[in-house]
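Secondary and tertiary structure notes
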Amino acid sequence: MKKKDLRNQMTPPKFLAIGFAAITLVGTFLLKLPISTADGTSTPIIDALFTAVSAISVTGLAVVDTGLHWSGFGQVVMLLLIQLGGLGFMTSATWVALMFNRRISLRERIILQEAMGQYQIQGIVDLIRRVLIYTLIIEGTGALLLTLRFSSMMPLSEAAYFGIFQSISIFNNAGFDLMSQIHGPFAGFASYVADPFVNIVLMVLIFFGGIGFIVIFDLIEYPKCRKLSLHSKVVLTVTSLLIVIGALMIFVLEYHNAKTLGPLSYPTKWMAAIFQSITPRSGGVSTLDIASLEQSTQFFMILLMFIGAAPGSTGGGIKVTTFAVLIGAVITMVQGKRDVVLYRHRISQAVVYRSVTLTILSLLLLVGASMFLSITESGEFLRILFEAVSAFGTVGLSMGLTGELSGIGKITIALLMFLGRLGPLTLAYAISRKNAKELYRHPEGRITIG
């Protein structure tokens, strides 16, 4: 009876929170093993935990160099954590169940619905099948293209390993890379700033990983039905606007910066600006030195990271749909209208409330974490704020603070990454009591606003 009661109390948000935490602990244990490091020594527990959280939350912040510190075993563990974190452990578990022809229970379907951010349970198992197929196609294509590029500088087998690792990492918006094995510690993709092939492949992987599978499915079906859902229209519109506006802003702000765009040719300036505009969607890789950017550019990238990617994607942030609803609510209020309307569709009041709640919770979390980090860590506040937002948005970009974090700073950033992947609203639902029906309403009161 007690077991049944406990099961009934395990709501989908609670199950997801506990599931992610459990996988993180397993990943921490595996990464702490001597076999996981290149030199055969045991990684400090806090560094192993930080790396596991960064991988499962598909963030990409690293306190040790991914390509040099970890052995092949350690990198494979990270890759599995990235794949599980990007697509969700429930999605992965469902794939295994389907392979063995096991029936998916109603409870499991409800948890999948919560994990995938769907409004209805109908067709959720078919959705998971399609996620598997399209994931393999996109990651496989990216791996093949990157293998072809890397094969010019290393043996084919090694190039294939690099291609697979980078494709999975970038598509899942994790941002971990192995480039230090070629270009030195924490080199990243700076050496490829003028390489159109690598830039295009990475940008496409980040883009598809950030718009979510629902939008990908709609785009694939569009030639047949000539119709996109409201969700897809909003995601594609806001994402495109943010990329274009971001590229223009970065191009203008960094045009004369001798440490970033300044020395580059005119076409390369545009390519680098576009790349830097796309990567805050939660990509986590960069072809420019983030620490050398102008302060105005760094702050602008903070805003992009806070907005993040799309719901149901591998990215973080408050999500582009939330941002669209907030902008719609502001326009509605300014115009003196009642309903928020996007593409001639009225947005329910519940969605508006959810968007406002999510944004306020996220801001409160970031304000508190940034204030705390400003006490425990040294350095400029913008540097600390950038790190905090990057962790919460599961982006992985850094101005260089990650490697300098104190022990308590690492724990704080790890918590931000975990909460950013899980979502503050999901966590709030997980720790709250079950919804109770309101038996009465209080009398309406009036307060002055503005």
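Our subject is the structure that appears above.
All figures in this text were calculated on a predicted structure; none of them were measured in a lab.

Observations regarding the overall build of the protein
Along the protein, the regular secondary structure elements total 20 helices and 2 strands. When burial is assessed residue by residue, the protein has 52% of its 450 residues classed as buried. Partitioning the intrachain contacts of the protein with sequence separation of at least 6 by distance along the chain shows that 66% fall at a separation of at least 24. As displayed, the protein has an accessible area near 22,100 Å², and 66% of this comes from carbon and sulfur atoms.

Concerning a nonpolar patch on the surface
Where nonpolar side chains cluster on the molecular surface, the patch consists of Leu241, Ile245 and Met249 and spans about 260 Å² of accessible area. Inspection of the secondary structure assignment puts Met249 in helix 13 (residues 230–254). For Met249, a relative accessible area of 34% gives the class partly exposed.

Re the packing of helix 12 (residues 213–225) against helix 13
Running from N to C, helix 12 and helix 13 point in directions that differ by 105°, and their axes come no closer than 9 Å. By the angle between their directions, the pair helix 12 and helix 13 is classed as roughly perpendicular. For the pair helix 12 and helix 13, contact is made by Ile214, Val215, Asp218 and Leu219 and by His231, Ser232, Val235 and Leu236, respectively. Residues that form the contact of helix 12 with helix 13 fall into these classes: 5 nonpolar, 2 polar and 1 charged.

Some words on the side chain of Ser370
Of note, Ser370 is situated in helix 17 (residues 349–376). For Ser370, the contacting residues outside a window of four places in its chain are Phe381, Ile384, Leu385 and Ala388.

Concerning helix 19 (residues 407–422)
The first and last C-alpha atoms of helix 19 sit 23 Å apart over 16 residues, in line with the 22 Å expected at 1.5 Å per residue. The buried fraction of helix 19 amounts to 12 of the 16 residues, a majority that puts the element mostly inside the structure. The complete set of buried residues in helix 19 reads Gly409, Lys410, Thr412, Ile413, Ala414, Leu416, Met417, Phe418, Leu419, Gly420, Arg421 and Leu422. A positive phi of about 100° marks Gly423, the residue just after helix 19.

What to know about the packing of aromatic side chains
One pass over the full model with this rule turns up 12 aromatic pairs. On the numbers, 5.1 Å between centres and 45° between planes, the contact of Tyr134 with Phe217 is tilted. Here the residue Tyr134 occupies a position in helix 8 (residues 124–150), and Phe217 occupies one in helix 12, the gap between them amounting to 83 residues. Between the aromatic rings of Phe150 and Tyr192, the centroid separation amounts to 6.4 Å while the plane-to-plane angle is 70°, which identifies the pairing as edge-to-face. You can see Phe150 sitting in helix 8 and its partner Tyr192 sitting in the loop between helix 10 (180–183) and helix 11 (196–211), a full 42 residues away along the chain. We classify Phe150 as buried; its relative accessible area is 0%. Judged by its relative accessible area of 3%, Tyr192 is buried. An aromatic cluster of three or more residues is present, and its members are Tyr134, Phe171, Phe213 and Phe217. Its end group placed over the ring of Phe217, Arg130 keeps NZ or CZ at 4.3 Å from the ring centre.

Some details on the pattern of salt bridges
Summed over all chains, the structure comprises 4 salt bridges. Here Lys410 ties to Asp47 by a salt bridge, and the two come within 2.7 Å at their closest N and O atoms. Taken together, the residues Lys410 in helix 19 and Asp47 in helix 3 (residues 45–56) connect sequence positions 363 residues apart. Residues Glu221 and Arg130 are paired through a salt bridge, measuring 3.9 Å at the closest nitrogen-oxygen approach. Separated by 91 residues along the polypeptide, Glu221 in helix 12 and Arg130 in helix 8 bring together distant segments of the chain. The exposure class of Glu221 is partly exposed, given its relative accessible area of 29%.

What to know about unusual backbone geometry
At Ser282, a residue that is not glycine, the phi angle is positive and equals roughly 130°. Within the secondary structure, Ser282 is located in the loop between helix 14 (266–278) and helix 15 (295–307). The class of Ser282 is buried, set by a relative accessible area of 0%. Residue Lys319 is not a glycine yet carries a positive backbone phi of 90°. Relative to the elements of secondary structure, Lys319 occurs in the loop between helix 15 and helix 16 (320–335). Look at Lys319 and you get buried, because its relative accessible area is 16%.

Examining the packing of helix 17 against helix 19
Each pair of packed helices can be described by the angle between their axes along with the distance between the axes. Relative to each other, helix 17 and helix 19 sit at 165°, their axes nearing to 10 Å. Our classification of the angle between helix 17 and helix 19 gives roughly antiparallel. For the pair helix 17 and helix 19, the sense of crossing is left-handed. The residues of helix 19 that touch helix 17, namely those facing Leu365, Ala369, Phe372, Leu373 and Thr376, are Ile408, Gly409, Thr412, Ile413, Leu416 and Leu419. The class makeup of the residues in the contact of helix 17 with helix 19 is 8 nonpolar, 3 polar and no charged.

Some words on helix 12
Residues separated by three or four positions in an α-helix point in the same direction, a consequence of the helix having 3.6 residues per turn. The first and last C-alpha atoms of helix 12 sit 18 Å apart over 13 residues, in line with the 18 Å expected at 1.5 Å per residue. The axis of helix 12 is deflected most strongly, by about 30°, at Leu219, and proline Pro223 appears within four residues downstream. Within helix 12, the full set of buried residues consists of Phe213, Val215, Ile216, Phe217 and Asp218. Backbone geometry just after helix 12 places Arg226 at a positive phi near 55°.

Cut-offs and rules
- Residues numbered from 1 in each chain as written.
- Predicted model: local features only at pLDDT ≥ 70, side-chain atom pairs only at ≥ 80, totals over all residues.
- Heavy atoms only, no water.
- Helix = DSSP H or I, 4+ residues; strand = E, 2+ residues; numbered from the N terminus.
- Buried < 20%, exposed > 50% of the residue type's maximum accessible area, 1.4 Å probe, protein only.
- Contact = heavy atoms within 4.5 Å.
- Areas by Shrake-Rupley, 256 points an atom, 1.4 Å probe, with all protein chains shown as cover.
- Patch = residues over 30% accessible without salt bridge, like charges linked within 9 Å, V, L, I, M, F, W, Y side chains within 5 Å.
- Salt bridge = Lys/Arg side-chain N within 4 Å of Asp/Glu carboxyl O.
- Axes fitted to C-alpha atoms, helices over the stretch in contact; angles between N-to-C directions.
- Parallel < 35°, antiparallel > 145°, perpendicular 65-115°, else oblique.
- Nonpolar A, V, L, I, M, F, W, Y, C, P; charged D, E, K, R; others polar.
- Expected span 1.5 Å × (residues − 1).
- Phe/Tyr/Trp six-rings, centres within 6.5 Å; stacked < 30°, edge-to-face > 60°.
- Lys NZ or Arg CZ within 6 Å of the ring centre and 35° of its normal.
- Left-handed = near helix turned anticlockwise from the far one by under 90°.
- Bend = angle between axes of the 7 residues up to and from the residue.

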